[in-house]
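Residues per chain are reported as follows:
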Amino acid sequence: MTRAHSLGMTLDGQPPRGARRIFFAVSDPTRRRILDLLLVSECSVSDLVRPFRISQPAISQHLRILREAGLVRVRRQGRERRYRLRGEQLRTVYDWVGHYERFWTEKLHALGACLDADAAGETE
């Protein structure tokens, strides 16, 4: 099984439709900040509007995209809608980023060796 296939990619190298929605959803910094807020606690739309300088309809649009990607769950509490993070859905992103972990580990080891060599040269 190839690495791309183990990440849930289709034969043409593209993620499946559900995964594309997740990647699209997390590609926006406002939506990532909303996910950060929902990581702390369940929130209403009005709770989510406060930290941003955008309108309530804009926040609602971001929440719709997050909901369609399966990243948030909504429940009604009286007249209010409360949003909650579905963090398990982020596993797709985690797995994809993990694919590049080897690259960063190698680069950080090389940087550490370079810094160690520089430090050794200064002490001699």
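Residues numbered from 1 in each chain as written. Predicted model: local features only at pLDDT ≥ 70, side-chain atom pairs only at ≥ 80, totals over all residues. Heavy atoms only, no water.

Caption draft 1: Representation of the sheet that holds strand E2 (residues 72–77). Reading across the sheet, the 3 strands line up as E1-E3-E2 and stay open at both edges, with antiparallel pairing between neighbours. A strand with exactly one partner marks an edge of an open sheet, and here the two such strands are strand E1 (43–44) and E2. Strand direction decides the pairing type here: E2 and strand E3 (residues 80–85), joined by 6 bridges, are antiparallel. Across the sheet, the residue bridging to Gln77 is Glu80, located in E3. Against the sheet, helix H3 (residues 29–40) engages E1, E2 and E3, with an angle of about 95 degrees to E3. (Pairing = 2+ DSSP bridges. Helix = DSSP H or I, 4+ residues; strand = E, 2+ residues; numbered from the N terminus. Contact = heavy atoms within 4.5 Å. Axes fitted to C-alpha atoms, helices over the stretch in contact; angles between N-to-C directions.)

Caption draft 2: Spatial organisation of the packing of aromatic side chains. One pass over the structure, following the stated rule, counts 3 aromatic pairs. Centroid distance Phe23 to Trp96: 5.7 Å. Interplanar angle 75 degrees. Geometry classified as edge-to-face. One end of the pair, Phe23, is in helix H2 (residues 17–26); the other, Trp96, is in helix H6 (residues 91–98), with 73 residues separating them in the sequence. Given the relative accessible area of 22%, Phe23 is considered partly exposed. Classification of Trp96 as partly exposed rests on a relative accessible area of 34%. Between Phe103 and Trp104, the aromatic rings sit 4.9 Å apart at their centres with planes inclined by 80 degrees, giving edge-to-face as the arrangement. According to the relative accessible area criterion, Phe103 is partly exposed, its value standing at 38%. The ring of Phe24 carries the charged tip of Arg31 above its face, separated from the ring centre by 4.9 Å. (Phe/Tyr/Trp six-rings, centres within 6.5 Å; stacked < 30°, edge-to-face > 60°. Buried < 20%, exposed > 50% of the residue type's maximum accessible area, 1.4 Å probe, protein only. Lys NZ or Arg CZ within 6 Å of the ring centre and 35° of its normal.)

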